[in-house]
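# A structural walkthrough
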Amino acid sequence: MAESIHNRNKARIGHLRAALYDIDAGKLRAQLGELFAPDCLVQLANPLETLPGAAGLYEEAYAPLLKALPDLERRDFIVMAGASKGQNWVGCAGHYMGVFERPWLDIPPTRHLMAMRYHEFFRLEDGQIVEMQALWDIPQVMMAAGAWPMVPSLAVEWLVPGPASNDGIVTAPYDEAASQASLAWVQDMLVALKRNVISAAAMELDKYWHPKMMWYGPAGIGSMRRVSGFRHWHQIPFLKAMPDRDAFLEKGIMFGDGAYVGFTAWPGMTMTISGDGWLGIAPSNQAITMRSLDFWRCENGSIRENWVLVDLLDVYHQLGVDVFERMRELTVPRRSGFAL
């Protein structure tokens with residue numbers, strides 16, 4: 001049987017993963033240049049935002065991160081691929097980690113091990129990356145440094161694990177039937193979730209989710225277990241604050257690979273903050289968009305795990321809140337040259 005385009009694309013992204021696992025700072029710029037098309041569109045989380053191709057990705061993202069964490073290492077726990085709207089994509093999730101030795105984005109260093117979760121999606125054509133949509137969980141770094149200046153999370157903050165099934169790096173031949181089944185199940189769940197109600201029964205949560213489901217949210221929201229945990233610490237506060245939320249399911253990129261489903265869009269949701277109860281944000285009736293990049297794992301006909309990253313820094317930015325300036329004020333005594 002001929003190798004599928006999706007397995008070939010995962011192998012191609014394997015070169016990027018290898019380059020970012022054993023990083024050679026002197027070679028990384030050239031390695032990125034070989035993998036990314038010259039006019040590649042690169043979109044990262046706030047404050048990095050849209051970067052000019054591989055050169056911008058190196059200069060604005062990886063080079064400063066390497067300066068802060070000289071022993072930077074990338075560890076994937078999900079690598080999956082598939083097609084959506086005639087395009088071929090690879091999705092990766094994992095952690096960047098290393099010793100946080102120097103400031104990064106003005107976040108004060110800890111001189112201890114630091115981990116930052118990422119969700120990264122790559123569109124490939126003819127073996128080259130032509131588009132990248134990625135969220136790096138920068139608030140996770142702020143929290144590790146004791147420099148998160150916003151409200152505490154309702155749920156647990158921890159080092160989010162990879163899949164319980166230990167099969168997140170999908171290397172088996174592409175299974176079209178299994179992939180489509182997982183994709184259809186997640187799509188049906190999302191349609192039910194979009195209903196403009198807070199009722200768990202109306203959204204059929206118990207129908208789609210495993211009794212021991214895990215929802216791994218971004219730093220600032222946290223992780224939770226079971227439908228009850230998901231509702232108490234994320235869904236109800238979210239819906240009370242933004243009852244008109246609408247996901248761009250038809251506009252986004254969603255694809256399956258065996259038991260896994262990935263979703264990316266830039267942005268992926270629109271809503272109006274009209275009520276209280278989410279992240280301590282006042283109900284200003286302001287319309288915002290939201291970047292949310294997701295992975296789901298299906299197991300025996302239900303969704304067992306869901307990894308979610310949301311660009312919370314971009315949300316605050318749209319509301320006119322400069323999280324970084326507030327962080328600088330919080331950490332003034334820890335910066336060199338400060339005197340009372």
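Attention in this report is confined to the structure presented alongside it. (Residues numbered from 1 in each chain as written. Predicted model: local features only at pLDDT ≥ 70, side-chain atom pairs only at ≥ 80, totals over all residues. Heavy atoms only, no water.)

## A short note on helix α5 (residues 176–193)
Selection criterion: A run of H or I in DSSP becomes a helix once it reaches four residues, and a run of E becomes a strand once it reaches two; helices and strands are each numbered from the N terminus. By definition here, a helix of n residues has an expected span of 1.5 Å times n minus one. Burial classes follow relative accessibility: with a 1.4 Å probe on protein chains only, a residue under 20% of its type's maximum area counts as buried, one over 50% as exposed, and anything between as partly exposed. A 3.5 Å cut-off defines polar contacts: any pair of N or O atoms within that distance qualifies, except that in protein one atom must be a possible hydrogen donor and the other a possible acceptor, and neighbouring residues in sequence count only when both atoms are side-chain atoms.
A rise of 1.5 Å per residue sets the reference length of α5, with its 18 residues, at 26 Å; its end C-alpha atoms lie 26 Å apart and thus fit the reference within 8%. Listing the buried residues of α5 in full gives Ser179, Ser182, Leu183, Val186, Met189, Leu190 and Ala192. Measuring from the backbone nitrogen of Ala177 back to the side-chain oxygen at the start of α5 gives 3.2 Å, which picks out Asp175 as the cap.

## As for the side chain of His234
Keep this limit in mind: Contacts between residues were defined by any pair of non-hydrogen atoms, one from each residue, lying within 4.5 Å.
As for its placement among the helices and strands, His234 is situated in helix α8 (residues 226–241). With relative accessibility at 11%, the residue His234 sits in the buried group. Ignoring anything within four residues of it in the chain, the contact list for His234 reads Trp215, Ile221, Met224, Gly229 and Trp278.

## Looking at the packing of helix α2 (residues 28–35) against helix α3 (residues 53–68)
Rules: Note on method: axes are straight lines fitted to C-alpha atoms, helices fitted across the in-contact stretch only, with angles between N-to-C directions ranging 0 to 180 degrees. Helix crossings get a hand from a simple test, with the near helix turned counterclockwise from the far one by less than a right angle marking a left-handed crossing and a clockwise turn marking a right-handed one. Polarity classes work like this: nonpolar for Ala, Val, Leu, Ile, Met, Phe, Trp, Tyr, Cys and Pro, charged for Asp, Glu, Lys and Arg, and polar for all others, with Gly in that last group.
Where α2 meets α3, the closest approach of the two axes is 10 Å, and the angle between their N-to-C directions is 145 degrees. Crossing hand, α2 versus α3: right-handed. Counted together, Leu28, Arg29, Leu32 and Gly33 of α2 and Ala54, Leu57, Tyr58, Glu59, Tyr62 and Leu66 of α3 form the full contact between these two elements. Looking at side-chain class alone, the contact of α2 with α3 contains 7 nonpolar, 1 polar and 2 charged residues.

## As for the environment of Trp185
As for its placement among the helices and strands, Trp185 is situated in helix α5. Looking at Trp185, the relative accessible area reads 24%, which means it is partly exposed. Separated by 116 residues in sequence, Trp185 and Gly301 have C-alpha atoms that sit 8.1 Å apart. Every residue in contact with Trp185, bar those within four places of it in the chain, is listed here: Lys207, Tyr208, Cys298, Gly301, Ser302 and Ile303.

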